[in-house]
Amino acid sequence: MSVEEPSPRTPPLTQPLSPPGGALRRLRSRAPLVQNITNFVAMNPAANILLAVGASPAMVHAREEAGEFAAIADALTINIGTLSPAWLEGMLVAAEAAVDHSKPWVLDPVAAGATTLRRQAASQLLELAPTLVRGNASEVLALGGAADNGSTAGRGVDAADPVAAAEYAAVSLAQRQGCVVAVTGEIDFITDGRRAAHVANGHALMPQVTALGCALTGVCGAFLAVTDDAFEATVAALAYYGLAGERAARGADGPGSFMLCFIDALAGLSADAVDKDARIAPATLPSAPAEGGADADLEVRAP
Amino acid sequence: MSVEEPSPRTPPLTQPLSPPGGALRRLRSRAPLVQNITNFVAMNPAANILLAVGASPAMVHAREEAGEFAAIADALTINIGTLSPAWLEGMLVAAEAAVDHSKPWVLDPVAAGATTLRRQAASQLLELAPTLVRGNASEVLALGGAADNGSTAGRGVDAADPVAAAEYAAVSLAQRQGCVVAVTGEIDFITDGRRAAHVANGHALMPQVTALGCALTGVCGAFLAVTDDAFEATVAALAYYGLAGERAARGADGPGSFMLCFIDALAGLSADAVDKDARIAPATLPSAPAEGGADADLEVRAP
Amino acid sequence: MSVEEPSPRTPPLTQPLSPPGGALRRLRSRAPLVQNITNFVAMNPAANILLAVGASPAMVHAREEAGEFAAIADALTINIGTLSPAWLEGMLVAAEAAVDHSKPWVLDPVAAGATTLRRQAASQLLELAPTLVRGNASEVLALGGAADNGSTAGRGVDAADPVAAAEYAAVSLAQRQGCVVAVTGEIDFITDGRRAAHVANGHALMPQVTALGCALTGVCGAFLAVTDDAFEATVAALAYYGLAGERAARGADGPGSFMLCFIDALAGLSADAVDKDARIAPATLPSAPAEGGADADLEVRAP
């Protein structure tokens, strides 16, 4: 997983991205088997959302079978939301098997900086070469710190300016680990350390429903399973997901009805509509922030 | 649990089945306490569905209390969806207690053939004399193999023709274990080794919602708790469940809205409507398939 | 946690309660971080309901981090629904940390009398000075017995007259433990051992949806986090919650649609509407029941 390490000031590649609907078409025709080791809150919505997207979800976590299963799955996703040492063992075994069998895998480092257990778990998992790290700004900032010095970069925090504050950390992390990093929030930022993009699809009701971020991790896994370029796969997944949120909001009276409209929208959204309404823009790789600047307005963030 | 072993070619018993609405009436008047040891995806919908049906659900899994609770419950259901060795211990203790106290219990062998852990767990649980085994075609095929030789019959598979391919295996399993076996799919097949029936109720949206099969296992437990004839109880449960799916589909715009319409339909469906619209037909016991025929088009199936 | 112990016949304090909308306004402006160690059935709805209410939910249960997290959370809630010894360890660690850091914590003793494991767990947790105990009548009766003699008061039971039968036990428990006790049911009863109130808001569909009681425990934690008077906080939480249930029922066709309407109603209900439509009445402290009277019509109740 070594990677060319350009300066953070390298301009973005000018080659245009593939239209995002193509990945969705492949996903629906292939129905990839996606193994998810996720938290107890997200188990049900993640499975339902993966089914609505067109993938085949499998929740297999035990150390005794997680690796054996990763070998037959098309992608693996790991979310540390309701972490415990026993589950971490299964996560490590599964990630190793995914790497051994060249299966893409996604790390969702929920509240990575909040406790010692989480910092250590995120650090250990990061060593196992995830294809994609998807988190919010504070989680990516915490991972950046963990990767730098093996210790803490915070305690599960949300930046006041969630995504922009973590863009530099995301690029650094992507370059250091040789992976794609996606910082999700009002406007998502995706980078593989050389290229970067913003995705502006989404709706304000999405963070009011629990586990939509965790389920998005699963959806990213499904897109990675059918797309060779992990950067493009992630951009497509985020645009599609956000666009489904926009559609869902039209029929919703609040977060309860939004959830069901969202699942219906994921199932009903055509690849053509995704190509037409995706709001994807290339982004320049950010320069290093001023000392301490990114930490100006941190708040506690919950797992 | 010894059982008369007729030839698979024995014609079906000609005695007509009781109307399925009777079991639903008893269930609603008695509100049986159904203990479920199920997976993390199904926990919530299984409990909500059992409440909608009219039963009283209880999720009690720990080795330290699962047996004590099985002694006071009216039925037990065990689903190995998100299996781990610790949970398997609770399952074994609970199943033993159910048998000791003559309570009906249902085995749902999710992805029974997918991993070594699952094959062994299914095999151990099958030894504890379940009243009913409910699975899809590939799971029943896998269990058939496990019962024959204690090893594997596959690795979590779905037959291209899901139900028909497993009918012979279902009858063999029912005869060998002295239990009822239900193979669910587009047209369900139920047998106790002497009698067999098809149930044609259901809707194409049902497999697009996660855990509806797992929750059906709980519903079967509730019907078994109030019906002496386990074959009739299972046929009634499947017809009612499928019919609620048909009703729910009328108001649904996709899998998200379907789920809530389905729970409303389960709660609202009258026993008279079930008697009127159930599509139950007696089936002949199938003869042995040609060598290797059932395995012609297997695909990986997710837990 | 010592408390003045008046005779159960002490008349209620005549000082009027604060309007309940005030607590809701504070909650929405502060978005308290509420750590929940709850059961697998309630994980998802509890998180969604806390988000709809305006709090920030966190599900953190492992012994290795539950205490560390309780120190940074604004409140802690513990529900023993799908109990196991490993989870009990995390509960005990978290409750100790909450007390050490003067954070309010709520105990929800699901089916406290049903099994030996539950009786012992409830007893151990009760020793750790919960701010509030919220349960149904049978659970409060079981806890009353556990506190009296360290042993059993039943086996997970529902009184035929659920709330009234447990009012005396609630007052005794509140006085003995120096906590608030809320017995929820058709008409809720809340007491801190000196004051008592009834809350009449609610709807018959609420007990037909699983985990609404468990999620209410989380909501009580959120109200406690922003209100100094734990008795008033609890009364306000119960009135608001019940009123949202009344609103939700207007748009529901059954328990499935009720659930989403309920989440929408929690998010949409204004503090002014809560002040206007809350049905809160002061209650007299009940006198001791006739011997054996409370146990007249007990039924098994499920975790």
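For clarity, every value in this text was computed on a predicted model and none was experimentally measured.

## Notes on the interface of chain A and chain B
Step number 1: Tallying the contact residues gives 25 residues for chain A and 28 residues for chain B.
Step number 2: Both faces combined, the contact of chain A with chain B buries some 2,000 Å², and carbon together with sulfur accounts for 66% of it.
Step number 3: Linking chain A with chain B are 2 salt bridges.
Step number 4: Glu-65 of chain A is the partner of Arg-118 of chain B in a salt bridge, and the nearest nitrogen-oxygen pair spans 2.7 Å.
Step number 5: Taken together, the connections running from chain A to chain B amount to 8 residue pairs in polar contact (both at pLDDT 80 or more).
Step number 6: Of all the secondary-structure elements, those providing two or more residues to the side of chain A that touches chain B are α2 (43-53), β2 (56-59), α3 (63-70) and α10 (255-268) of chain A.
Step number 7: Here the element with the most residues in the side of chain A that touches chain B is α2 of chain A; it accounts for 6 residues.

## Side note on the relation of the copies chain C and chain A
Step number 1: When chain C is fitted to chain A, the residual RMSD is 0.0 Å, and the transformation amounts to a turn of 120° plus an axial shift of 0.0 Å. Those values place the two copies in the arrangement expected of a three-fold rotation axis. Residue Phe-40 of chain C of chain C places its C-alpha closer to the rotation axis than any other residue of that unit, at 3.8 Å.
Step number 2: Little of the interface of chain C is mirrored in chain A, where only 8% of its interface residues are also at the interface.

## Observations concerning the interface of chain C and chain A
Step number 1: The interface is formed by 25 residues belonging to chain C together with 28 residues belonging to chain A.
Step number 2: Roughly 2,000 Å² of surface becomes buried between chain C and chain A when both sides are summed, with 65% attributable to carbon and sulfur atoms.
Step number 3: Applying the counting rule to chain C against chain A returns 2 salt bridges.
Step number 4: Two residues, Glu-68 of chain C and Arg-119 of chain A, come together in a salt bridge whose shortest N-O distance is 3.9 Å.
Step number 5: Broken down by secondary-structure element, the contributors of at least two residues to the side of chain C that touches chain A are α2 (43-53), β2 (56-59), α3 (63-70) and α10 (255-268) of chain C.
Step number 6: A total of 6 residues in the side of chain C that touches chain A trace back to one element, the largest contributor, which is α2 of chain C.
Step number 7: Among the residues forming the side of chain C that touches chain A, the class breakdown is 17 nonpolar, 4 polar and 4 charged.

## Topic: the side chain of Arg-118 of chain B
Step number 1: Tracing the chain through its elements places Arg-118 of chain B in helix α5 (residues 116-126).
Step number 2: A distance of 3.0 Å separates the side chain of Arg-118 of chain B from the backbone oxygen of Ile-80 of chain B, its partner in a polar contact.

## With respect to the pattern of salt bridges
Residues and elements named next belong to chain A.
Step number 1: If you walk through the whole model with that rule in mind, you get 36 salt bridges over all chains.
Step number 2: With a closest N to O distance of 3.4 Å, Asp-275 and Arg-25 form a salt bridge. Here Asp-275, found in helix α11 (residues 271-277), pairs with Arg-25, found in helix α1 (residues 21-30); they are 250 residues apart in sequence, far enough to count as distant.
Step number 3: Residue classification places Asp-275 among the partly exposed positions, given a relative accessible area of 29%.
Step number 4: Its relative accessible area of 39% is what places Arg-25 among the partly exposed residues.
Step number 5: Where salt bridges share partners, they join Arg-25, Asp-272 and Asp-275 into one cluster.

## Details of the confidence of the model for chain A
Residues and elements named next belong to chain A.
Step number 1: Within chain A, residue pLDDT values average 88, and 85% of them lie at 70 or more.
Step number 2: Here residues 146-161 is modelled with pLDDT under 50, and outside its nearest four sequence neighbours on either side it reaches 46 contacts, counting other chains as well.
Step number 3: Confidence drops under pLDDT 50 across residues 292-302; counting only partners more than four residues distant or on other chains, this segment forms 28 contacts.
Step number 4: What the predictor reports for the complex is a pTM of 0.91 with an ipTM of 0.89.

Thresholds applied
Residues numbered from 1 in each chain as written. Chains lettered and ligands numbered in written order. Predicted model: local features only at pLDDT ≥ 70, side-chain atom pairs only at ≥ 80, totals over all residues. Heavy atoms only, no water. Contact = heavy atoms within 4.5 Å. Buried area = accessible area lost by both parts, 1.4 Å probe. Salt bridge = Lys/Arg side-chain N within 4 Å of Asp/Glu carboxyl O. Polar contact = N/O pair within 3.5 Å; in protein donor to acceptor, adjacent residues only side chain to side chain. Helix = DSSP H or I, 4+ residues; strand = E, 2+ residues; numbered from the N terminus. Least-squares fit on C-alpha atoms with pLDDT ≥ 70 in both. Nonpolar A, V, L, I, M, F, W, Y, C, P; charged D, E, K, R; others polar. Buried < 20%, exposed > 50% of the residue type's maximum accessible area, 1.4 Å probe, protein only. pLDDT = per-residue confidence, 0-100.

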